[in-house]
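Per-entry structural report
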There are 2 protein chains.
Amino acid sequence: MPDTRGVIVVAARRRFATHGYDATSLRSIASDAGVDAALLIHYFGSKEALFISAVGLPTPLPDLFADVARLPRRRAAEALVRRYLEIADSEHSRNTMLALVRSAVSSEQAAGLLRRFLTEALLGAIAQRGGEEDQALRASLIAAQLVGIAMLRHVLRLPPLAEAGPDEVVALAAPAIERYLS
Amino acid sequence: MPDTRGVIVVAARRRFATHGYDATSLRSIASDAGVDAALLIHYFGSKEALFISAVGLPTPLPDLFADVARLPRRRAAEALVRRYLEIADSEHSRNTMLALVRSAVSSEQAAGLLRRFLTEALLGAIAQRGGEEDQALRASLIAAQLVGIAMLRHVLRLPPLAEAGPDEVVALAAPAIERYLS
């Protein structure tokens, strides 16, 4: 028995990555997946829900960010950059990244989804470290550094950053991110 | 005598910001500007040249980055963040940012333009400080932090970063960026 749900998710991820949120129709995803559009509604309920499934991170978020909340600063910063790169560097995730960024810059609805994701997941985990009154702003600047790395490494493919190994990026970025965790 | 060139640039910036590079035609810009499409070629030569004019930074780049090459580290980092925010925060530049990011994520040609711009302007200026072998990667990570700030502040409008005053952002981001300038 084929994994119809999985086939739909892969087709959706590719469509969202190429065309962005607004320009992608359920009909075009169904056509790519070779299924009836009604099946998409059956499995996912809505285009927004399918988008969230399609661009969802491959690693469960709690695993990714659990360490950040309890490690000492330097090690928390290193763990954050390294885990983030493991996700962002995977072949699977290039499409996810492109889908998220392309959709978020072209659709207010998709931007809202990414905003909610960043606020609840990443900012939430960093806020658990407690601390200063400006903690939310510090967490946002960490998110900005990570989102910027993904933009330049995977979307723009700026040579020094696109070609650097994860160890090199971690070695330089962790001390900078550590400053935000103080 | 009306500033026809200026009218065209404003129309082009709005179009590129809304639709991205690939989906914007010279004809649609000409129509918005109320001029003949031939006039666009007369003034700018090509769509790529018009794009560069339309998304060009309002402040001359040498002014923006001159200090970075010669100031001591902390002050160079502060100047970089502050000048960048002055540009990114202006009403004019929101459209510029959106045009650049929207076009770069949807068009390989526009991504190439932004890559060239980042490499020559920002990375070039930081490289003038001389220093370590990994200087280009350090400069790229600074660019990633700044691009990420613009993304979250102006495109996604993530609350803590979208609402923070420039002074708050400079106070937190400069020490982190300083780490890359060592």
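Residue numbers run consecutively from 1 along every chain, following the written order of its sequence. Here every chain gets a letter starting at A, and every ligand a number starting at 1, in the order they are written. With the structure being a predicted model, the display of local features is reserved for residues of pLDDT at least 70 and the display and counting of side-chain atom pairs for 80 or more, all residues being used for whole-chain, interface and lining totals. Only heavy atoms go into the side-chain values, all of them from the structure, while hydrogens and water stay out.

Re the relation of the copies chain A and chain B
Once chain A is rotated about the relating axis by 180° and shifted along it by 0.0 Å, it coincides with chain B to within an RMSD of 0.0 Å. Classification of the inter-copy transformation places it as that of a two-fold axis. Mapped onto chain B, 100% of the interface residues of chain A again fall at the interface, so both copies present the same surface. In this comparison the copies share one frame, found by least squares on the C-alpha atoms of residues holding pLDDT of at least 70 in both. Any two residues having at least one pair of non-hydrogen atoms within 4.5 Å are treated as being in contact.

Describing the nonpolar core
By convention a nonpolar core is built from buried Ala, Val, Leu, Ile, Met, Phe, Trp, Tyr and Cys residues, the set being connected through side-chain atoms within 4.5 Å. Buried means the residue's accessible area, taken with a 1.4 Å probe over protein chains only, is under 20% of the maximum for its type, while exposed means over 50%, and partly exposed covers the values in between. If you look at the biggest cluster of nonpolar residues, it comprises 134 residues, and the most contacted ones within it are L141(A), L152(A), V169(A), L141(B), L152(B) and V169(B). Once residues lying within four places of it in the same chain are set aside, the contact partners of V169(B) are L141(A), V81(B), L85(B), I149(B), R153(B), L161(B), A164(B) and A174(B).

A few points about unusual backbone geometry
Among all residues except glycine, the phi angle is most often negative; among peptide bonds, the trans geometry is most common. In this model, R157(A) sits at a positive phi of 50°, which is unusual for a non-glycine residue. Helix numbers and strand numbers start at the N terminus; a helix is a DSSP run of H or I with at least 4 residues, a strand a run of E with at least 2. Among the secondary structure elements, R157(A) is positioned in the loop between α9 (135–155) and α10 (159–163).

Brief notes about the domain arrangement of chain A
Interface size is often expressed as the accessible area that is lost when the parts come together. Residue and element names in this part refer to chain A. Along its sequence, chain A is carved into domain 1 (4–54) and domain 2 (57–180). Domain 1 puts eleven residues into the contact, and the matching count from domain 2 is 14 residues. Taking both partners together, domain 1 and domain 2 bury about 1100 Å²; carbon and sulfur atoms supply 59% of that area. By buried area we mean how much accessible surface two parts lose on assembly, using a 1.4 Å probe and totalling the loss over both. It is R13, A17 and F51 in domain 1 that bury the most area against domain 2; as a group they hold 46% of the surface buried on that side. Salt bridges are counted wherever a side-chain nitrogen of Lys or Arg sits within 4 Å of a carboxyl oxygen of Asp or Glu. Counting every contact that joins domain 1 to domain 2 gives zero salt bridges. Any N or O atom pair separated by 3.5 Å or less is treated as a polar contact, with the protein-specific requirement of one donor-capable and one acceptor-capable atom, and with residues adjacent in sequence counted only for side-chain atom pairs. Connecting domain 1 to domain 2 are zero residue pairs in polar contact (both at pLDDT 80 or more). Taken together, the elements giving at least two residues each to the side of domain 1 that touches domain 2 come down to α1 (4–19) and α4 (47–55). All domain edges in this entry derive from an automatic or database-based domain assignment.

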